[in-house]
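# Observations on the model geometry
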Number of protein chains: 2
Amino acid sequence: MTIATPSHHHPAFKFLLTLALSLPLLAQAAEPLPSWNDGPAKKHIIEFVQAVTDQGSKDFVKPQDRIAVFDNDGTLWSEQPMYFELLFALDEVKRTAPQHPEWKTTQPFKAVLENDHKALAATGMDGLMKIVGATHTGMTTEAFDDYAKTWLSQARHPKTGRPYTEMIFQPMLEMLDYLRSQDFKTYIVSGGDTAFMRTFAEKVYGIPPEQVIGTTFVTTYQYKDGKASILRTPKLAHNDDGPGKPESIDAVIGKRPILAFGNSDGDLQMLQWTAAGPGKRFMGLVHHTDAKREWAYDRQSQIGRLDKALDEANQRGWTVVDMAAEWRRVYPYDAATTEQVQ
Amino acid sequence: MTIATPSHHHPAFKFLLTLALSLPLLAQAAEPLPSWNDGPAKKHIIEFVQAVTDQGSKDFVKPQDRIAVFDNDGTLWSEQPMYFELLFALDEVKRTAPQHPEWKTTQPFKAVLENDHKALAATGMDGLMKIVGATHTGMTTEAFDDYAKTWLSQARHPKTGRPYTEMIFQPMLEMLDYLRSQDFKTYIVSGGDTAFMRTFAEKVYGIPPEQVIGTTFVTTYQYKDGKASILRTPKLAHNDDGPGKPESIDAVIGKRPILAFGNSDGDLQMLQWTAAGPGKRFMGLVHHTDAKREWAYDRQSQIGRLDKALDEANQRGWTVVDMAAEWRRVYPYDAATTEQVQ
C-alpha cells in the first residue's frame, strides 16, 4: 500500500501515515465472518468480495457500484411462527380494540380478539389486508413510528422469550459489516412495511432509513395551522414481494445490485435480476435447516416457502447456506456451537 | 484539532498526521461559494452550515442527519422556455413519428409534428400526459436510458445553442460541493421523471442515482428465456410536485431534511415540511431576476411560477436568492460578471 503525499517527502512520515491508515484494514483482514464455519458459503462470499474489490482483478467493481441487497424476514432475522410484523399487527388489534367496539363482532378482528386462529386463517388475504390496514394506516408517520417502537421494545417472542430485535442472525450481521468495510452499500429489500423496518434497521443492522426498501402505502401531506404531517392511508402503493423487488430496486436505487441475499421464493426475481447483470455477481439463499437452534422449513412452508428459488439456485450454482452446517452461531446471544479451527 | 493516537506517542507523528488530515479542510475553508457575491444569501448559507457542523454548537446535527434536498428545474438548471424534459418529449415525438403514422391526424401529436404551439397548448394537461406517456413509457428502463442520453448529448438549447447539461447553475454546483464537503447528503427532489434525471445527475451534479427522487411510472418486471428487464408502463406511480415532495422524501429517505432549496410554488410543501422539523433549518428559493444572463420571471410565469412560496418565504425569513444581485456567474461557461472583493 502506497500513499501519495506530494508535499511531505520525509520517509518516516510516509511510513507512519501508511501504518495509521492500515490499522482498520488489518483488523478486518484478521478474520472476517467469525460465526461462519469454513464451509462453501463463507468461501464463496470471501472469494466474491475479494474479486470485485481487488483493483487488479478483471472483476473489479467501483465502490459506488457495490450495491448489496438483503431480504429481511428469514434472511436477516427469524420469521417463525409467522412474520414478526404480523405478530405486531395482531397485538395492535388487541391494544386498540377498546376504540373499536365493532371489532367484537366483525371479522377478521373478532378472530384476533378471540385468539381463534382457524377463523382468522379462513379470512385469508382479504382478512390479512384489513388487519394490516387497521394497524398500519389511518395515522401520521410519526404516530406509526411510535407504535412500532413501543411494541418492539416490549414484545417478546413466544418461543424464545426474547425481544424480536435480538432474533437477528449473527452471521448475517458479520456479512453486512464485512461488505461495508469493503465499501459496499447495504440495502434491505423486503416485503415488510418500509416504515416498520426503519424503526429498528439502523440500530440493529447498521442500515439507515434511506437504505430500507419495502412495501409502502400511499401517504398524504397535511398542513394545518402551521403544523405539517404525513398521513398513512390504507391504499397500497407498492407490494415489495416477488417481481416487486426488482421494480423497487430500480425505482429507489436506480442501479443493479451485484449481490443479493434472500431465503424464499419471494426473493427469486430479485436474485434473477441481480444475476442478469454483466460481470461477477453473488446470489445467496439462507436455507433454514436448523430445527434445534432456529427452525427447519423450505418447500412446504406457509411462511418463507423456499421451493422454486431453491431449484433455480441449485441449477445455477447460487450459494445456498445450510444454516445447521455453516453457522457456528445463529443469534448474537447464542454460544458458538462448534469451535472453529484457526 | 487534536487526534487521539493511543499507540503512537511521538509528537512529530501527531503533528504530521494532524496536518495531513487538515489539508482538505483548509482548502475548503479558503473560499467556499466563489461564484456567490458577498450578499445575504451566501452569508446565510455559510452561517447555517457552520452552526450545524460545529460540534460545540447548540445547533449541531450529526452527519447522518445532514439531509439536503434540491428541486431541479429552475433550481439546479434553467427551465425556460419550458422544462427541458418537455423539449426532450417533443423531440422524441418527432423522432419516433415514422413508427406512428396515426400521429399525423391525432392530437396532441399532430400539433407537435406541425410545430403548432397554439393547438398544442389547447390540448392542456391531458395532451401533455399523452406526450409524456408516448415518449417516456412502453419501453424497458434500459431503452429509455439510451434515448434520454442520446438526446442530451445531441440536443442544443434554442436560445443559448448550448447542450442542456451545460445550462446548470455554477453557484448551486458550488453549494452542493460545499455541503458534501461538510458531510451533507445531497438529494434531488423534483417533478421531473426520476429516470430522466438520473441519466445526467451524477455526471453533472455529483448526485448518484439513489439520491435522485422524482416523478415515477409503474414498472413491470419481465423475465423471458433467462433475460430480465423492467418495463415502464404509462400508469403514473407518483407525481413528485407540491405535496408529492414531502411524501416522496418520507417514502424514499425516511428522514426530514434540514436544508431545502427550490424556486417555485411546487416547492412550497417541501420547504414547509423542512421548516416544520426541530432545530435549525435552512429554506432557500432561487428567484429568477436576471433577464440578461438567464431569465426573469416569478408570479405570472407559466413555467416555474413563484408566488405563494415567495410570500411565505418573505413572511418567514427564508433565504430568497436574487439571482441578478447575488450570483457572480450563472452558468459554468460564463465569465464572472463582477470581481469579488476578497
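Residues numbered from 1 in each chain as written. Chains lettered and ligands numbered in written order. Predicted model: local features only at pLDDT ≥ 70, side-chain atom pairs only at ≥ 80, totals over all residues. Heavy atoms only, no water.

Per an unreviewed UniProt entry, chain A goes by Haloacid dehalogenase-like hydrolase and derives from Pseudomonas vancouverensis.

A few words on the interface of chain A and chain B. Each partner contributes to the interface: chain A provides 40 residues, whereas chain B provides 40 residues. When chain A packs against chain B, close to 3,300 Å² is buried across both sides, 57% of that on carbon and sulfur atoms. The largest per-residue losses of area from chain A upon contact with chain B belong to A:Glu210, A:Tyr221 and A:Glu247, which jointly make up 19% of the total buried on that side. On the surface where chain A and chain B come into contact, there are six salt bridges. With a closest N to O distance of 2.9 Å, B:Glu210 and A:Lys185 form a salt bridge. At the boundary of chain A with chain B, the tally comes to 20 residue pairs in polar contact (both at pLDDT 80 or more). By residue number, the principal contributor to the side of chain A that touches chain B is helix H11 (residues 244-253) of chain A, which donates six residues. Looking at the side of chain A that touches chain B residue by residue, the classes come out as 19 nonpolar, eleven polar and ten charged. (Contact = heavy atoms within 4.5 Å. Buried area = accessible area lost by both parts, 1.4 Å probe. Salt bridge = Lys/Arg side-chain N within 4 Å of Asp/Glu carboxyl O. Polar contact = N/O pair within 3.5 Å; in protein donor to acceptor, adjacent residues only side chain to side chain. Helix = DSSP H or I, 4+ residues; strand = E, 2+ residues; numbered from the N terminus. Nonpolar A, V, L, I, M, F, W, Y, C, P; charged D, E, K, R; others polar.)

Evaluation of the coordinates by the stated rule reveals one cavity of 30 Å³ or more. In this structure, the largest cavity occupies an estimated 50 Å³ of space. In terms of lining, the largest cavity is formed by A:Lys185, A:Tyr187, A:Glu210, A:Gln211, A:Val252, B:Lys185, B:Tyr187, B:Glu210, B:Gln211 and B:Val252. Counting only elements with at least two residues in the lining of the largest cavity, the list comes to strand E3 (185-193) of chain A together with strand E3 (185-193) of chain B. When its residues are assigned to classes, the lining of the largest cavity shows four nonpolar, two polar and four charged. (1 Å grid on protein atoms, 1.4 Å probe; cavity = no way out; pocket = protein on both sides within 12 Å on 5 of 7 lines; lining within 4 Å. Points joined across faces, edges and corners; volume = space filled by probe spheres on them.)

Residue and element names in this part refer to chain B. Within E3, seven of the nine residues are buried, which leaves the element mostly enclosed by the surrounding structure. Taken together, the four bridges between strand E1 (residues 67-70) and E3 define a ladder with parallel strand orientation. Looking across to E3, one finds that Phe70 is bridged to Ile188. Sheet topology note: the E3/strand E4 (residues 212-224) ladder contains three bridges and is parallel. The residue of E4 that forms the bridge with Asp193 is Thr215. (Buried < 20%, exposed > 50% of the residue type's maximum accessible area, 1.4 Å probe, protein only. Pairing = 2+ DSSP bridges.)

Now for helix H7 (residues 141-154) of chain A. Residue and element names in this part refer to chain A. Here H7 contains 14 residues, and its C-alpha end-to-end distance of 20 Å stays within 8% of the 20 Å for a straight helix at 1.5 Å per residue. Inspection of H7 places Thr141, Ala143, Phe144, Ala148, Trp151 and Leu152 among the buried residues, and these make up the whole buried set. Summarising the axial view, the buried residues of H7 lie within an arc of 165°, below the 170-degree limit, and thus occupy one face. (Expected span 1.5 Å × (residues − 1). Arc of directions from axis to C-beta.)

On to the sheet that holds strand E6 (residues 259-262) of chain B. Neighbouring strands of a sheet are bound in pairs by backbone hydrogen bonds; such pairs are parallel or else antiparallel. Residues and elements named next belong to chain B. Pairing is mixed across the open sheet formed by eight strands, whose spatial order is E2-E5-E4-E3-E1-E6-E7-E8. Of all strands in the sheet, those bounded by a partner on one side alone are strand E2 (139-140) and strand E8 (319-322). Summarising the sheet, E4 and strand E5 (residues 227-238) pair through eight bridges and their orientation is antiparallel. Bridge pairing links Phe217 to Leu236 in E5.

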